[in-house]
Amino acid sequence: ENESQSVLPTEDTQDVETMRRKLALLQKHAGINDEDLEWKLAETSTNDPYGLAVRERERCEERYDRLMWNQSKLEAIIRFTDDRRVIDALDAMATAAEHAFQQRHTKKVDHVKKK
C-alpha cells in the first residue's frame, strides 16, 4: 500500500507533464522567462509589493556593484599591459626566474654526475 502512495499514478504524471508544456507555451507566447515569471508570482502572492520591489532593487544594485568592481579590476590590468615599464619589469622577472631555474637544474645534474 505504501508503494502505491509514493509513486504518482500515470494519469497524474501525464497531467503534470501537460501542465508543464502549457506553462512553457504560455511563457513563450507572452515572452516571459522563468525569472520574470517568478517575479510576477511573488508580486501577486505578497501583501507587500513595495517591500518586494525594494528587495529586488537592492539585489540588483549589489549585482551592479560587483560588476563595476570586476570591471575596475580588469581595467587596471589593461592599464598595466599598456605600461612599458610594467612589461619591462615582468620581462626582467621572467628572465631572472629562467636563469635561476637553469642554475638549479645545472647543480642537480652536476651532483648526479659526481655520484
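Structure report, in brief. (Residues numbered from 1 in each chain as written. Predicted model: local features only at pLDDT ≥ 70, side-chain atom pairs only at ≥ 80, totals over all residues. Heavy atoms only, no water.)

From N to C terminus, the protein chain includes five helices and zero strands. Looking at the protein chain residue by residue over its 115 residues, the buried ones come to 4%. (Helix = DSSP H or I, 4+ residues; strand = E, 2+ residues; numbered from the N terminus. Buried < 20%, exposed > 50% of the residue type's maximum accessible area, 1.4 Å probe, protein only.)

Turning our attention to a nonpolar patch on the surface. Among the surface-exposed residues, Ile87, Leu90 and Met93 lie close enough to one another that they form a single nonpolar patch of about 290 Å² accessible area. Within the fold, Met93 resides in helix 5 (residues 84–114). (Patch = residues over 30% accessible without salt bridge, like charges linked within 9 Å, V, L, I, M, F, W, Y side chains within 5 Å. Areas by Shrake-Rupley, 256 points an atom, 1.4 Å probe, with all protein chains shown as cover. Salt bridge = Lys/Arg side-chain N within 4 Å of Asp/Glu carboxyl O.)

So, about the side chain of Glu56. Mapped onto the secondary structure, Glu56 falls in helix 4 (residues 49–82). For Glu56, the residues in contact, after removing those within four places along its chain, are Trp39 and Arg63. (Contact = heavy atoms within 4.5 Å.)

Turning to the side chain of Gln27, a few remarks are in order. On the secondary structure map, Gln27 appears in helix 2 (residues 10–30). The class for Gln27 is buried, based on a relative accessible area of 13%. Non-local contacts of Gln27, meaning those with residues more than four positions away in its chain, are made with Ile32, Asn33, Asp34 and Leu37.

Axis separation between helix 3 (residues 34–45) and helix 4 bottoms out at 9 Å; the angle between their running directions is 145 degrees. Across the interface between the two elements, Trp39, Ala42 and Glu43 from helix 3 touch Leu52, Ala53 and Glu56 from helix 4. In terms of residue class, the contact of helix 3 with helix 4 is made up of four nonpolar, no polar and two charged. (Axes fitted to C-alpha atoms, helices over the stretch in contact; angles between N-to-C directions. Nonpolar A, V, L, I, M, F, W, Y, C, P; charged D, E, K, R; others polar.)

Under the defined criterion, the tally for this structure stands at zero aromatic pairs. Residue placement shows Lys73 over the ring face of Trp69; its charged tip is 4.0 Å from the ring centre. (Phe/Tyr/Trp six-rings, centres within 6.5 Å; stacked < 30°, edge-to-face > 60°. Lys NZ or Arg CZ within 6 Å of the ring centre and 35° of its normal.)

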